[in-house]
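Chain by chain, the residues run as shown.
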Amino acid sequence: MIVAGRGGGGEGVRLVLETEEAMLLSELADQVDSVLLLGEPDDPALGRLLPSAYPDDVEASAEYARYTRESLVDGKRQAAQRVRDATAAQSESGLVEIELDQSEAWGWLTFLTDLRLILAERVGVDDPDDDEPDVDSETRDDYLRAAYEWAGFVQGSMLEVLDPTDG
């Protein structure tokens, strides 16, 4: 994977993915969409994506969710769909090149955040400052852990391009 600024001096991101990486992103976007669409209300991953606005007030939290949940879920599903659409391009070279303007790139970052929240729940990462899973997660799927770490790398690389620091 290569993440770079867009050519021509425009703001945005240029991603160069191997076909397998593009397929992985597409599959992960499907999984994010499935959690949003089919997730059980008590699924902890869904709880990370759509946390209670008022954890100490059930009634106020339910009222808030009534007015906001549908649009939040819709926005997250649209972000996942945009990732699926962009990664669907086939190439004879074995590479998939994706040009994202700044707005599209931030949409991808939304998706990557959602993906990492779901994967963090699945592999047992509880502390956002600690990417090491808990001891009990040793029996969990290494594929999910690798996907979590890879998504973090992609997210970090995109952020460096979009918001470079001089330090």
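Note: the structure precedes this text.
Residues numbered from 1 in each chain as written. Predicted model: local features only at pLDDT ≥ 70, side-chain atom pairs only at ≥ 80, totals over all residues. Heavy atoms only, no water.

Trainee: Whenever I open this one, the packing of helix α1 (residues 19–38) against helix α3 (residues 58–87) confuses me. Can you help?
Mentor: Two numbers describe a pair of packed helices, the interaxial angle and the distance between the axes. Between α1 and α3, the least distance of the axes is 8 Å, while the angle of their chain directions is 160°. What the angle tells us is that α1 and α3 run roughly antiparallel. Crossing angle aside, the handedness with which α1 passes α3 is left-handed. Contacts from Ala22, Leu25, Ser26, Ala29, Asp30, Asp33, Leu36 and Leu37 of α1 reach α3 at Val73, Lys76, Arg77, Ala80, Val83, Arg84 and Thr87. When its residues are assigned to classes, the contact of α1 with α3 shows eight nonpolar, two polar and five charged. (Axes fitted to C-alpha atoms, helices over the stretch in contact; angles between N-to-C directions. Helix = DSSP H or I, 4+ residues; strand = E, 2+ residues; numbered from the N terminus. Parallel < 35°, antiparallel > 145°, perpendicular 65-115°, else oblique. Left-handed = near helix turned anticlockwise from the far one by under 90°. Contact = heavy atoms within 4.5 Å. Nonpolar A, V, L, I, M, F, W, Y, C, P; charged D, E, K, R; others polar.)

Trainee: Just checking my understanding: could you explain α1 for this structure?
Mentor: An α-helix turns once every 3.6 residues. As a result, residues three or four positions apart point the same way. For α1, with 20 residues, the first-to-last C-alpha span of 28 Å sits near the 28 Å given by 1.5 Å per residue. Those residues of α1 lying buried are Thr19, Glu21, Ala22, Leu24, Leu25, Ser26, Leu28, Ala29, Val32, Asp33, Val35 and Leu36. Residues of α1 that are buried make contact with β2 (12–18), α2 (44–49), α3, β3 (95–101), α4 (102–123) and α5 (142–162). (Expected span 1.5 Å × (residues − 1). Buried < 20%, exposed > 50% of the residue type's maximum accessible area, 1.4 Å probe, protein only.)

Trainee: When you look at the pairing of β3 in this model, what are you seeing that I'm missing?
Mentor: Residues in a regular strand point their side chains to alternate faces of the sheet. Along β3, the buried face is formed by Val96, Ile98 and Leu100; none of Leu95, Glu97, Glu99 and Asp101, which line the opposite face, is buried. Direction of pairing for β2 relative to β3: antiparallel, over a ladder of seven bridges. Across the sheet, Glu18 pairs through a bridge with Leu95, a residue of β3. (Pairing = 2+ DSSP bridges.)

Trainee: Honestly, the nonpolar core in this entry has me stumped. Any pointers?
Mentor: Looking at soluble globular proteins, one finds that nonpolar side chains tend to be buried together. With 42 residues, the main nonpolar core has Leu15, Leu25, Trp108, Phe111, Leu112, Leu115 and Met158 as its most contacted residues. Every element with two or more residues in this core is listed here: β2, α1, α2, α3, β3, α4 and α5. Top element by residues in this core is α4. It accounts for 10 residues. Ignoring sequence-local partners within four residues, the contact set of Leu25 consists of Leu17, Val83, Thr87, Trp108, Phe111, Leu112 and Trp150. (Core = buried A, V, L, I, M, F, W, Y, C linked by side-chain atoms within 4.5 Å.)

Trainee: Is there a simple way to explain the pattern of salt bridges in this structure?
Mentor: When charged atoms on two side chains of opposite charge get close, those side chains can pair. Evaluated as defined, the whole model comprises 10 salt bridges. In this structure, the salt-bridge partner of Glu99 is Arg14, at a minimum N-O distance of 3.3 Å. Of this pair, Glu99 sits in strand β3 while Arg14 sits in strand β2, placing them 85 residues apart in sequence. Arg84 is the partner of Asp30 in a salt bridge, and the nearest nitrogen-oxygen pair spans 3.2 Å. One end of the pair, Asp30, is in helix α1; the other, Arg84, is in helix α3, with 54 residues separating them in the sequence. On the basis of relative accessibility, which here comes to 37%, the residue Asp30 falls in the partly exposed class. For Arg84, a relative accessible area of 13% translates into the label buried. (Salt bridge = Lys/Arg side-chain N within 4 Å of Asp/Glu carboxyl O.)

Trainee: Any chance you could explain the pairing of β2 here in plain terms?
Mentor: The buried count for β2 comes to five of seven residues, which makes it a mostly enclosed element. One ladder, built from four bridges, connects strand β1 (residues 2–5) with β2; its direction is antiparallel. The residue of β2 that forms the bridge with Ala4 is Arg14.

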